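# A look at the structure
So you can see what is in the structure, the chains are spelled out below.
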Amino acid sequence: MIDSITVNNISVSYDDNEVVKDVSFSFGPGSLIGVLGPNGAGKSSLLQAMLGLIPRDHGNVRLGSHSIDEMRKQIAYVPQRSNIDWNFPIIVKDTVLLGTYPKTGLFRRPKKEDKEWSMECLRQVGMEEFAKRQIGELSGGQQQRVFLARALAQKADYFFLDEPFVGIDVSSEEVIIDILRQLKNSGKIVFVVHHDLSKVRSYFDELVLINKELIDAGPVNKVFQRDNMAKAYQRELMLEGLGVSM
Amino acid sequence: MDFIHDLMTYGFLQKAFATSIMVGIICGVIGCFIVLRGMALMGDAISHAVLPGVAISYMLGINFFYGAVATGILTAFGIGAISQNSRIKNDAAIGLVFSAFFALGIILITRAGSATDLTQILFGNVLSVRSSDMWLTLIIGAFVVLVVIMFFKELLVSSFDETMAAAYGLKTRMIHYTIMFLLTLVTVASLQTVGVILVVSMLITPASTAYLLTNRLSVMVVLAAFFGALSSVIGLYFSFLYNLPSGPVIALATTSLFCLAFLFAPKQGIVSKKIRIMSKRKEATAKS
Ligand SMILES: Nc1ncnc2c1ncn2[C@@H]1O[C@H](COP(=O)(O)OP(=O)(O)O)[C@@H](O)[C@H]1O
Ligand SMILES: [Mg+2]
């Protein structure tokens, strides 16, 4: 059984400018969680601070009784697309194979099983026919699917995806959300940073709504309602027509 | 075939041959990571910054290796410290630190040695390689190649996606400084063959040539090592034949190989691209 994840009072600053302020929440196994908020709300910073990729001012993350550092190998993180060098000399199947590295460990090479497993992950996202392509020679949606396959290859318990649906085609989006649901159903904990409000209800069952501070966290029905959304998005969006319940 | 005959006959030429091949290989290998991590300028900086170390070793009467490695590492940390602790951008920090070290090095060398020493260090003179230098190069080379083979997985993932590497617990900062350390070793080993000024061409050009020819890092590393070694041999040949400083000749050899790949590489070459487009057009007109 996978341990719950608990975030306690995380704050993040860049040069004295606080962008995430005292955020806390907790989720149990089998959760598909949308991290929601307007642009610049601190969603990416929160995710990176949770994973210890950027320093936190204070606060911590517990996975059951463990710290993040003790559980690194159980964590798969798919960063925002912009951080990748798409001209890097690497082909699709080798990109997915990187997912097996954490559990392979130092001084060992991936074995035949690892290669077969990464091909299997590639098949799950429907990309096996592109196995030999250089990763820059794919569409945005296909690239995102490859990175999801890499995360699957990690056999992690906790998944963190930063804006996986930005700039991708509808069919890739369906493939990805399907797989995220499967992960959830098998008891994993999946965080997805998202800022498009239209599909929130159909995609997620839990939400973390932030705009620098935590506005609300919990089941979609509790969080995704007019007062909260108004607080998070303030004047930036008209709430009408977004399917927000009264 | 005089060159081959001379190579069989003269010990100094054999030493030069072995040394320059090893230098070509390790420059090619480390060069791949330098190019892919966007650290070309860093390569240039470290190679220039070893100069004061060479001068100081010379004054103290110790092997230049120790001083050069020390100032190389100092430079890597100096650049890191400035760009992380101030608003100065990385490329400016690099320029700032290495020009200071280089200037200091030139002054020290002029004081300590002679104009010939300076020219040799700046532009290389592979024919003056002694046995001890050759062994030093071979040992450094073996060490560098071994480290790259042992940590190839980690080098690959951290060069491609540093965030993922950090997320699963790799010490990416340590990997960065390890590469800086290897780069310093490679630079020191290359001093006599190509000289301080042109090490960067050996680091960047064979790796870039290889980059145009493959979509796999492992293949790129092997190709870069091959192109590096080939350039060294070509350079040594012309340097010996026409009595030229080896550094510039080797640098031009690497450039010639690059130009060939730039024009004719099957996928990336500009001539090959043109031909592909033209044949597609022909097909299209034939069909219609
Ligand atoms: N590396 C950085 N240095 C300084 N400020 C940053 C940095 N990264 C993000 N910020 C700022 O922090 C705030 C939150 O950014 P981010 O976490 O990327 O938000 P989101 O992912 O919700 O769009 C923004 O105001 C952004 O400008
Ligand atoms: Mg973001």
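Residues numbered from 1 in each chain as written. Chains lettered and ligands numbered in written order. Predicted model: local features only at pLDDT ≥ 70, side-chain atom pairs only at ≥ 80, totals over all residues. Heavy atoms only, no water.

### Focus on the overall build of chain A
From N to C terminus, chain A includes nine helices and 10 strands. For chain A, whose C-alpha radius of gyration is 18 Å, the value lies close to the compact-globule estimate of 18 Å for 246 residues. Dimensions along the principal axes, computed over C-alpha positions, put chain A at roughly 55 × 40 × 35 Å. Intrachain contacts of chain A at a sequence separation of at least 6 include 69% that bridge at least 24 residues. Approximately 10,900 Å² of chain A is accessible, and the part contributed by carbon and sulfur atoms is 46%. Side-chain charges in chain A split into 30 positive and 32 negative, and the spacing between the mean points of these groups amounts to 5 Å. (Helix = DSSP H or I, 4+ residues; strand = E, 2+ residues; numbered from the N terminus. Rg over C-alpha atoms; globule rule 2.2 N^0.38 Å. Contact = heavy atoms within 4.5 Å. Areas by Shrake-Rupley, 256 points an atom, 1.4 Å probe, with all protein chains shown as cover. Lys, Arg positive; Asp, Glu negative; His and termini not counted. Charge placed at Lys NZ, Arg CZ, Asp CG, Glu CD.)

### As for the overall build of chain B
Each helix and strand in chain B was counted, giving 14 helices and zero strands. When the helices and strands of chain B are read in sequence order from the N terminus, they spell out α-α-α-α-α-α-α-α-α-α-α-α-α-α. A compact globule built from 288 residues should have a C-alpha radius of gyration of about 19 Å, and chain B, at 20 Å, falls within 12% of that. Over its C-alpha atoms, taken along the principal directions, chain B stretches across nearly 80 × 55 × 30 Å. Within the span of chain B, comprising 288 residues, buried residues form 51% of the whole. When contacts within chain B are restricted to residue pairs at least 6 apart in sequence, those whose partners lie at least 24 apart make up 73%. Of the accessible surface of chain B, which amounts to about 13,200 Å², a share of 71% is contributed by carbon and sulfur atoms. Side chains of chain B carry 18 positive and 10 negative charges; the gap between the two charge centres is 12 Å. (Buried < 20%, exposed > 50% of the residue type's maximum accessible area, 1.4 Å probe, protein only.)

### Side note on the layout of surface pockets
Approximately 680 Å³ is the volume attributed to the largest pocket. Lining the largest pocket we find 23 residues, and of these R37(B), M39(B), E162(B), R173(B) and H176(B) sit closest to its centre. Listed by contribution, the elements that provide at least two residues to the lining of the largest pocket are α3 (40–49), α5 (64–85), α6 (90–112), α9 (152–160), α10 (162–167) and α11 (172–211) of chain B. At five residues, the largest contribution of residues to the lining of the largest pocket is made by α5(B). Of the residues contributing to the lining of the largest pocket, the split by class is seven nonpolar, 11 polar and five charged. Taken as a whole, the second largest pocket spans an internal volume of roughly 470 Å³. Around the second largest pocket sit 21 residues that line it, and D94(A), L97(A), Y101(A), P110(A) and K115(A) are the ones nearest its centre. Looking at the lining of the second largest pocket, the elements that each hand over two or more residues are α2 (92–97) and α4 (112–124) of chain A together with α8 (131–150), α9 and α12 (217–242) of chain B. In the lining of the second largest pocket, the residues fall into 12 nonpolar, two polar and seven charged. (1 Å grid on protein atoms, 1.4 Å probe; cavity = no way out; pocket = protein on both sides within 12 Å on 5 of 7 lines; lining within 4 Å. Points joined across faces, edges and corners; volume = space filled by probe spheres on them. Nonpolar A, V, L, I, M, F, W, Y, C, P; charged D, E, K, R; others polar.)

### Examining the interface of chain A and chain B
With 32 residues of chain A in contact, the opposing surface of chain B contributes 25 residues. When the two sides are added together, the surface that chain A and chain B hide from each other amounts to roughly 2,500 Å², 66% of it contributed by carbon and sulfur. Taken as a group, F88(A), P89(A) and Y101(A) account for 26% of the area that chain A buries against chain B, more than any other trio of residues on that side. Linking chain A to chain B there are three salt bridges. E137(A) is the salt-bridge partner of K267(B), the closest N and O atoms lying 3.4 Å from each other. At the surface where chain A touches chain B, the tally comes to 10 residue pairs in polar contact (both at pLDDT 80 or more). For the side of chain A that touches chain B, the elements supplying multiple residues, two or more each, are α2, α3 (101–104) and α5 (140–153) of chain A. Taken together, the residues that form the side of chain A that touches chain B break down as 16 nonpolar, eight polar and eight charged. (Buried area = accessible area lost by both parts, 1.4 Å probe. Salt bridge = Lys/Arg side-chain N within 4 Å of Asp/Glu carboxyl O. Polar contact = N/O pair within 3.5 Å; in protein donor to acceptor, adjacent residues only side chain to side chain.)

### Topic: the confidence of the model for chain A
The pLDDT averaged across chain A works out to 92; a share of 95% of its residues lies at or above 70. Here helix α9 (residues 226–233) of chain A is the element of chain A with the lowest mean pLDDT, 89, and α2(A) is the one with the highest, 98. (pLDDT = per-residue confidence, 0-100.)

### Observations regarding the site of ligand 1
Residue and element names in this part refer to chain A. If you check the shell around ligand 1, you find Y14, V19, P38, N39, G40, A41, G42, K43, S44 and S45 and nothing else. Measuring from an oxygen atom of ligand 1, one finds a backbone N or O atom of G40 at 2.8 Å. A distance of 2.8 Å separates an oxygen atom of ligand 1 from a polar atom in the side chain of S44. Look at ligand 1: alone it shows 560 Å² of surface, and the protein chains cover 57% of it. Residue contributions to the shell around ligand 1 peak at three residues, all from helix α1 (residues 43–50). Taken together, the residues of the shell around ligand 1 sort by class into four nonpolar, five polar and one charged. (Near = heavy atom within 4 Å.)

### Observations concerning the nonpolar core
By size, the foremost hydrophobic cluster in this structure holds 128 residues, and its most contacted members are L36(A), L180(A), I30(B) and L217(B). No other element matches the 18 residues that α11(B) contributes to this core. If near-sequence neighbours (up to four positions away) are discounted, L217(B) is found in contact with F88(A), P89(A), F33(B), L36(B), F152(B) and L156(B). The next biggest cluster of nonpolar side chains, apart from the first, holds 33 residues, and it includes I5(A), V20(A), M71(A) and A167(B). (Core = buried A, V, L, I, M, F, W, Y, C linked by side-chain atoms within 4.5 Å.)

### Notes on the pattern of salt bridges
If you walk through the whole model with that rule in mind, you get 12 salt bridges over all chains. Across the pair R123(A) and E120(A) runs a salt bridge whose closest N-O atoms are separated by 3.0 Å. Of this pair, R123(A) and E120(A) both sit in helix α4, three residues apart, which is roughly one turn of the helix. Classification of R123(A) by relative accessible area gives partly exposed; the value is 43%. Salt-bridge contacts for R130(B) lead to D133(B); the nearest nitrogen and oxygen are separated by 3.1 Å. The class for D133(B) is buried, based on a relative accessible area of 2%.

### Observations concerning the packing of aromatic side chains
Throughout the structure, instances matching the rule amount to 21 aromatic pairs over all chains. Look at W86(A) and F147(A): their rings are 5.6 Å apart centre to centre, the planes differ by 85 degrees, and that puts the pair in the edge-to-face class. Of the two residues, W86(A) sits in the loop between β6 (75–78) and α2 while F147(A) sits in helix α5, which places them 61 residues apart along the sequence. Considering the side-chain rings of F238(B) and Y242(B), the 6.1 Å spacing of their centres and the 5 degrees angle between planes classify their relative orientation as stacked. (Phe/Tyr/Trp six-rings, centres within 6.5 Å; stacked < 30°, edge-to-face > 60°.)

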